[in-house]
Amino acid sequence: MKHLIKEPRPLIDGRDSLFTEYGMPSSHAQFMSFFSIYLLLFLFIRVQSSLSVFDNLWKYIAVFASFTISVIVFYGRVYLLYHTTNQVLWGAVCGFVLAILWFIIVQFALTPLFPIIAAWPVSEYLMVRDSTLIPNVLWFEYCSHRSEARSRHRKQSIRKLT
């Protein structure tokens, strides 16, 4: 997109820019905006919610931290004179739009294909799993691990007795 718009980066003290790449839109702002918006959508739409505010507190903290870091990056790009405010704002807008589009594609077009893809022989060989139907993957993994550890511990205890 930078090569289509061809807007130069800001000049520093009237000198020619040291940058060889154009500045519009800011790729850093685009990435940070994409990441923050996608994280927000993923956590609040895809990840199962609990009725308890404290159980969901980590989601709010993660999203707040992501947006805070994004704002710091936006500010830094302008402060360090790598971009103009306009370049950063348009980068953030591009990231915002792309994140929403990508989330829609994944949610409605790709997610229904996950079970099919996970059943492919190459996916089984690479141990690719479809966890979309498991409401709380972390808790599921914890319980599975604990159950397997107890089972193996019992088997070892029986072997020692015989």
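Above this note sits the structure.
Residues numbered from 1 in each chain as written. Predicted model: local features only at pLDDT ≥ 70, side-chain atom pairs only at ≥ 80, totals over all residues. Heavy atoms only, no water.

Some remarks on unusual backbone geometry
Positioned with a positive phi, Met 127 is a non-glycine residue whose angle comes to about 60°. By secondary structure assignment, the location of Met 127 is in the loop between helix H6 (121–125) and helix H7 (137–161). Judged by relative accessible area, which is 68%, Met 127 ranks as exposed. (Helix = DSSP H or I, 4+ residues; strand = E, 2+ residues; numbered from the N terminus. Buried < 20%, exposed > 50% of the residue type's maximum accessible area, 1.4 Å probe, protein only.)

Side note on the packing of helix H2 (residues 27–46) against helix H4 (residues 85–110)
Between H2 and H4, the shortest axis-to-axis distance is 7 Å and the interhelical angle comes to 35°. For H2 against H4, the interelement crossing comes out right-handed. Residue composition of the contact of H2 with H4, by class: 17 nonpolar, five polar and one charged. (Axes fitted to C-alpha atoms, helices over the stretch in contact; angles between N-to-C directions. Left-handed = near helix turned anticlockwise from the far one by under 90°. Nonpolar A, V, L, I, M, F, W, Y, C, P; charged D, E, K, R; others polar.)

Some points on the side chain of Ser 66
Looking at the secondary structure, you find Ser 66 in helix H3 (residues 53–79). Among all residues touching Ser 66, those that are not within four sequence positions of it are Phe 35, Ser 36 and Leu 39. (Contact = heavy atoms within 4.5 Å.)

A few points about the layout of surface pockets
The calculated volume of the largest pocket comes to roughly 520 Å³. Taken together, 21 residues make up the lining of the largest pocket; nearest its centre are Val 47, Gln 48, Pro 135, Asn 136 and Val 137. Of all the elements in the fold, those that place two or more residues in the lining of the largest pocket are H2, H3 and H7. Looking at side-chain class alone, the lining of the largest pocket contains ten nonpolar, eight polar and three charged residues. (1 Å grid on protein atoms, 1.4 Å probe; cavity = no way out; pocket = protein on both sides within 12 Å on 5 of 7 lines; lining within 4 Å. Points joined across faces, edges and corners; volume = space filled by probe spheres on them.)

Focus on a nonpolar patch on the surface
On the surface, a nonpolar cluster with roughly 1100 Å² of combined accessible area is contributed by Trp 102, Ile 105, Leu 110, Leu 113, Ile 116, Ile 117, Trp 120, Val 122, Tyr 125, Leu 126 and Val 128. For the nonpolar patch, the elements supplying multiple residues, two or more each, are H4, helix H5 (114–118) and H6. For the nonpolar patch, the element with the highest residue contribution is H4, accounting for three residues. Along the chain, Val 122 turns up in helix H6. (Patch = residues over 30% accessible without salt bridge, like charges linked within 9 Å, V, L, I, M, F, W, Y side chains within 5 Å. Areas by Shrake-Rupley, 256 points an atom, 1.4 Å probe, with all protein chains shown as cover. Salt bridge = Lys/Arg side-chain N within 4 Å of Asp/Glu carboxyl O.)

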